[in-house]
Structure formats: structure tokens, C-alpha cells
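Listed here are the chains, written in short residue letters.
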Amino acid sequence: MSDLPLEIDVHTLRQMRQGGQDLVILDVREPDEYATASIAGSILIPLGELPNRVAELEPHRHRPIIVHCHHGGRSMRATKWLREQGYAQAQNLAGGIEDWSLQVDPSVPRY
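Residues numbered from 1 in each chain as written. Predicted model: local features only at pLDDT ≥ 70, side-chain atom pairs only at ≥ 80, totals over all residues. Heavy atoms only, no water.

### Re the overall build of the protein
Within the protein, the secondary structure is distributed over five helices and five strands. Helices and strands appear in the protein in the N-to-C order β-α-β-α-β-α-β-α-β-α. With the principal axes as the frame, the protein shows a C-alpha extent of 35 × 30 × 20 Å. Burial statistics for the protein: of 111 residues in total, 46% are counted as buried. Per element, the accessible surface of the protein, about 5600 Å² overall, is 50% carbon and sulfur. Taken as two groups, the 11 positive and 15 negative side-chain charges of the protein have centres that lie 1 Å from each other. (Helix = DSSP H or I, 4+ residues; strand = E, 2+ residues; numbered from the N terminus. Buried < 20%, exposed > 50% of the residue type's maximum accessible area, 1.4 Å probe, protein only. Areas by Shrake-Rupley, 256 points an atom, 1.4 Å probe, with all protein chains shown as cover. Lys, Arg positive; Asp, Glu negative; His and termini not counted. Charge placed at Lys NZ, Arg CZ, Asp CG, Glu CD.)

Next comes the structure, spelled out in C-alpha cells:
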């Protein structure tokens, strides 16, 4: 099991990115949501497709994987599932892209 907190907030993610930390941002929303608003550099794998597409994350198994959705519910389910699959550095982004837009990057549209 991981010693990392299950969740981080948007300010922590911003600091990680600004510090040049080698991480993956996994977006588990639907393609239409991703087309509306996304965090630059994120990978889209919708929650319903994650079990069939988890192999795409294998190269990143030992890197931090920050999982997000709109508000944090779907991404929390994905984070817990990823940890069960051995992705010990998976963490949920509390508040999702909504908080990212409100607190970090207002250029990301809200919906």
C-alpha cells in the first residue's frame, strides 16, 4: 500500500508541475467533457474504459499519476482502483477540473 495521501488539492498539483516533477495527469471524464475543458498535458482515459485500457499506463507505473474528473467523484473511484492494481503513486485531484479552473487556471472553461 502507498504512504502517499489518497488525494491532493489543485495547489499541490500546481506546485508539482511548476517544480518540474515527472508526473502523469489522467483525466477520467468523457471525451465531450475533455473537449470542453482540459488540463494541458493530460491523458484521457474515460472511467468506463479504464479497466480495458490500463495497459496504456504501464510505462508510468512508478511515476505519480494524478487522476481527475469534473468534481472528484469518478477520479476517486479510478484512483482507488489503480492503487488496487499496483499503481501506488496514484492520487485523486480533490475538486477536479472545477477547482483547477476556479483556483489555478481561470482560462480553463467551467461547465
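### What about the nonpolar core?
Counting 15 residues, the largest nonpolar core has Leu26, Val28, Leu50, Leu57, Val67, Leu82 and Tyr87 as its most contacted members. Put simply, the parts of the chain that give this core at least two residues each are strand 2 (24-27), strand 4 (65-68) and helix 4 (73-84). Core analysis: the next-biggest nonpolar cluster, separate from the first, contains 14 residues, Leu13, Met16, Leu23 and Val104 among them. (Core = buried A, V, L, I, M, F, W, Y, C linked by side-chain atoms within 4.5 Å.)

### Describing the pattern of salt bridges
Counting across every chain of the model gives seven salt bridges. Between Arg74 and Glu33 there is a salt bridge, with its nearest N and O atoms 2.9 Å apart. One end of the pair, Arg74, is in helix 4; the other, Glu33, is in helix 2 (residues 31-36), and 41 residues separate them in sequence. Residue class for Arg74 comes out partly exposed when judged on its relative accessible area of 22%. Residue class for Glu33 comes out buried when judged on its relative accessible area of 11%. (Salt bridge = Lys/Arg side-chain N within 4 Å of Asp/Glu carboxyl O.)

### Things to note about helix 1 (residues 10-18)
Those residues of helix 1 lying buried are Val10, Leu13 and Met16. Seen end-on, helix 1 carries its buried residues on one side only, within an arc spanning 120°. Every exposed residue of helix 1 that faces more than 90 degrees away from the buried side is listed here: Gln15 and Gln18. Looking at the buried residues of helix 1, the elements they touch are strand 1 (7-8), strand 2, strand 4, strand 5 (90-93) and helix 5 (96-104). Near the N-terminus of helix 1, the side chain that reaches the backbone nitrogen of His11, with its oxygen 3.1 Å away, is that of Asp9. (Arc of directions from axis to C-beta. Contact = heavy atoms within 4.5 Å. Polar contact = N/O pair within 3.5 Å; in protein donor to acceptor, adjacent residues only side chain to side chain.)

### Here's the deal with the side chain of Asn92
Here Asn92 is to be found in strand 5. Side chain to side chain, Asn92 and Ser75 meet in a polar contact 2.4 Å long. The contacts of Asn92, once residues within four sequence positions are left out, are Leu6, Glu7, Ile8, Val67, Gly72, Ser75, Met76 and Thr79.

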